[in-house]
Amino acid sequence: MRKATLETILDKACFFGLRGSAQTLPQLQNGKKGLLIELANNNLFEKNSFNDVAAIPGFSDGWQKIQSTPNFEFPTEKEKWINCYANINRLKRHFARIAVVLPDEKNDYLDSIEKSCIAVFNTTDTDIDNLLRLKIAEINIPKTPLFLAAKYAWIAVLLLCVLPFFIPSIPEGQINNLRNITADVEKYSEKGDIIHVLKDGESLTQIARFAIGKYNSLVTTEAMVTKYLKENELSLESKIKAGDTLRLKLPAFTNTRHKAMQPAWNFFTGLLNDSLAYITELYNATQTETKRRHDGIDIGGRKGTRILAPFSGTAWTAEDERGGLMIAIAREKDLLIFMHCDQRFYLNGQSVMEGDPIASVGTSGHTTGPHVHIAAGKITPNGERNISSIRYTVLDPFEWYKEI
């Protein structure tokens, strides 16, 4: 934790653990509220149990209490523990301090909760407020010049060891064997073939759709697939098997917008950890006689394929009958939503690093096959749509990509 004053930490949600009875709790100033959680409570392990914090019964001295349930036994189901963590994270947003009463016996499921506590105290005859201040003082060890010199001395030693390797020696009379290959690069950069070793579960249709999309930025039709395979002396009935090596010509379909679309096309298909991912439908703001309205882009991929975070931000989740399992990554004013997921790997409010797997491709909601629907948005308080507590205005994902 970076250096902070007692006031800045104690003024925010301070989450700590208690072993034993909680007889003496820290005093709360300026009308702030604290929450004492006894983990042995059925409601904690139910999904979205604490959307209404006003329903929690009152306690004393500014503290409220979630009491334990008689004859309670901790569940062994992983999903219920995930609900427990999500409920505690939701409660952290509403109280200045939260204390959780931990059982005396060892429980492997509680490791994550204990690690998220700023400290765990034994409360017998102890002033918790002073213990909190002592713990925060330990975190904020004064960074004096002598302390910093001792802490980072190893860097100076390391630099001295590697410095000789970075001092260049200048040989005499060396003949330069390098040549200017710019002309060769320009001559051959657009030439070449696609060489692919067929893997289990892959098909000629998938390879053709991927190739046409990647090299022409086009959403393929069955006719385009048939034409491309015929140009390579293949058809949908060709006998191929896993392990066969295919050498295909670069597809040469006409698309005047290819160069403008290619960067965004590669960016979005690259968010699926599938080398043959391809776009199956583009954004369409208005419905016509031949095209339906489509508020995003669809990318086809094998079920279970990992979806990677497009940038660092915060995860938000939702689900409904049409979009199925959804997860959004938000940062400042930008938002990308991924729909029809099979599994999600983050909870509401958790931080995500760029490139992290956030979900997997699935068929939840209204789908005709495994794919991910990606919607882009600009975060604004007056947005016409929302996911969790985030409101946003819908954008064409390709236009969103140009803006960033």
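Above this note sits the structure.
Residues numbered from 1 in each chain as written. Predicted model: local features only at pLDDT ≥ 70, side-chain atom pairs only at ≥ 80, totals over all residues. Heavy atoms only, no water.

What follows deals with the overall build of the protein. Within the protein, the regular secondary structure consists of 11 helices and 18 strands. Buried residues in the protein amount to 39% of all 404 residues. Contacts in the protein between residues at least 24 apart in sequence constitute 67% of all its contacts with a sequence separation of at least 6. Accessible surface computed for the protein: about 24500 Å², of which carbon and sulfur atoms make up 52%. (Helix = DSSP H or I, 4+ residues; strand = E, 2+ residues; numbered from the N terminus. Buried < 20%, exposed > 50% of the residue type's maximum accessible area, 1.4 Å probe, protein only. Contact = heavy atoms within 4.5 Å. Areas by Shrake-Rupley, 256 points an atom, 1.4 Å probe, with all protein chains shown as cover.)

This part takes up the pattern of salt bridges. According to the stated counting rule, one finds 15 salt bridges in the structure shown. Close ionic contact of D244 with K241 constitutes a salt bridge, the shortest N to O distance being 3.4 Å. Note that K378 and D334 form a salt bridge whose closest N and O atoms lie 3.3 Å from each other. Here K378 is found in strand β16 (residues 371–379), whereas its partner D334 is found in strand β13 (residues 334–344), with 44 residues between them in sequence. (Salt bridge = Lys/Arg side-chain N within 4 Å of Asp/Glu carboxyl O.)

All chains considered together, the criterion is met by 14 aromatic pairs. Ring centres 6.3 Å apart and planes at 40° place the aromatic pair F267 and W400 in the tilted group. Placement of the pair is F267 in helix α10 (residues 258–269) and W400 in helix α11 (residues 397–403), with a sequence separation of 133 residues. Among the residues examined, W400 registers a relative accessible area of 0% and is labelled buried. Between the aromatic rings of F267 and Y401, the centroid separation amounts to 5.0 Å while the plane-to-plane angle is 40°, which identifies the pairing as tilted. Of this pair, F267 sits in helix α10 while Y401 sits in helix α11, and the two are 134 residues apart along the sequence. Pairwise contacts between aromatic rings join F267, F268, F311, F398, W400 and Y401 into one cluster. One cation-aromatic arrangement involves K214 over Y215; the distance from NZ or CZ to the ring centre is 6.0 Å. (Phe/Tyr/Trp six-rings, centres within 6.5 Å; stacked < 30°, edge-to-face > 60°. Lys NZ or Arg CZ within 6 Å of the ring centre and 35° of its normal.)

For the rest of this paragraph, the subject is unusual backbone geometry. At N71, a position not held by glycine, the phi torsion is positive, near 60°. Note on placement: N71 falls in the loop between β3 (63–66) and α2 (78–92). Phi is positive for E332, which is not a glycine, with a value near 45°. Looking at where E332 falls in the secondary structure, it is placed in the loop between β12 (324–331) and β13.

Let us look at the nonpolar core. Counting 30 residues, the largest nonpolar core has F268, I299, F338, I358 and I374 as its most contacted members. Broken down by secondary-structure element, the contributors of at least two residues to this core are α10, β9 (297–300), β12, β13, β15 (357–361), β16 and α11. For this core, the element with the highest residue contribution is α10, accounting for 5 residues. Beyond its immediate chain neighbours, meaning those up to four positions away, I358 contacts I307, L308, A309, I327, I329, F338, R344, F345, Y346 and V352. F15, L44, F50 and I56 belong to the second-largest nonpolar core, a separate cluster that totals 22 residues. (Core = buried A, V, L, I, M, F, W, Y, C linked by side-chain atoms within 4.5 Å.)

Function cannot be read off these values alone, since they describe shape.
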